[in-house]
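Spelled out from the first residue to the last, the chains are:
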Amino acid sequence: MKARGKDISIQVEMDDDIVVNHDSKWTVEALTNILENAVKYSPEHTTITVRTQELASNVLIEVEDEGMGIPAEELHKIYQRFYRGRKAKEQVKDGAGVGLYLARKIIEEQGGTIAAKRKAEKGMIFKVTLPLIIGE
């Protein structure tokens, strides 16, 4: 609903045949936290793209936004509990700074990884890997 209110388009590019080993309730929570973060810090009339790619033994889920980005000097802090960057506090007043912390905990508990990369222009790409179920 927040994306609709800001006229943010969410594009999904995914392969329906990928089966991952995960706890669906908690994985949805982690991915929702990442997506909410993207919507919260993206300006109106932009696009967020969610895509999946099957790798050798994992699935890669990327959430790419056109938001304000995370300063390079803050990237190593974004998964800390209660962390909100200075620019984030200036742009958006709500939030406790636990969304990405919880996302990391949930993903790592399931044998996955999460990483954030700054885009050259504006925005971020969050990359999540989760183990595939081999032989399904």
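As the structure is a computational prediction, the values presented were derived from the model and not from experiment.

1. Focus on the side chain of Thr129
Examined against the element boundaries, Thr129 turns out to sit in strand β5 (residues 124-131). Looking at Thr129, its side chain comes within polar contact range of the side chain of Thr113, at 2.5 Å. Residue contacts for Thr129: discarding those within four places in its chain leaves Asn58, Val59, Leu60, Ile107, Gly112 and Thr113.

2. Some remarks on the sheet that holds β5
Read across the open sheet, the five strands follow the order β1-β2-β3-β5-β4; overall the sheet is mixed. Every interior strand has two partners, whereas the edge strands, β1 (9-13) and β4 (113-118), have only one. Shown here is a sheet whose adjacent strand axes are inclined to one another by a mean of 15 degrees, direction ignored. The sheet contact formed by β1 and strand β2 (residues 47-54) spans five bridges and is parallel. In the sheet register, Ser9 faces β2, and the bridge partner there is Thr47. Sheet strands in contact with helix α2 (residues 24-40) are β1, β2, β3 (58-64), β4 and β5, and its direction is about 175 degrees off that of β5.

3. Thoughts on unusual backbone geometry
Within the chain, Asp7 stands out as a residue other than glycine whose phi angle is a positive 55 degrees. The exposure class assigned to Asp7 is partly exposed, which follows from its relative accessible area of 47%. Despite not being glycine, His45 has its phi angle at roughly 65 degrees, a positive value. Tracing the backbone shows His45 in the loop between α2 and β2.

Thresholds applied
- Residues numbered from 1 in each chain as written.
- Predicted model: local features only at pLDDT ≥ 70, side-chain atom pairs only at ≥ 80, totals over all residues.
- Heavy atoms only, no water.
- Helix = DSSP H or I, 4+ residues; strand = E, 2+ residues; numbered from the N terminus.
- Polar contact = N/O pair within 3.5 Å; in protein donor to acceptor, adjacent residues only side chain to side chain.
- Contact = heavy atoms within 4.5 Å.
- Pairing = 2+ DSSP bridges.
- Axes fitted to C-alpha atoms, helices over the stretch in contact; angles between N-to-C directions.
- Buried < 20%, exposed > 50% of the residue type's maximum accessible area, 1.4 Å probe, protein only.

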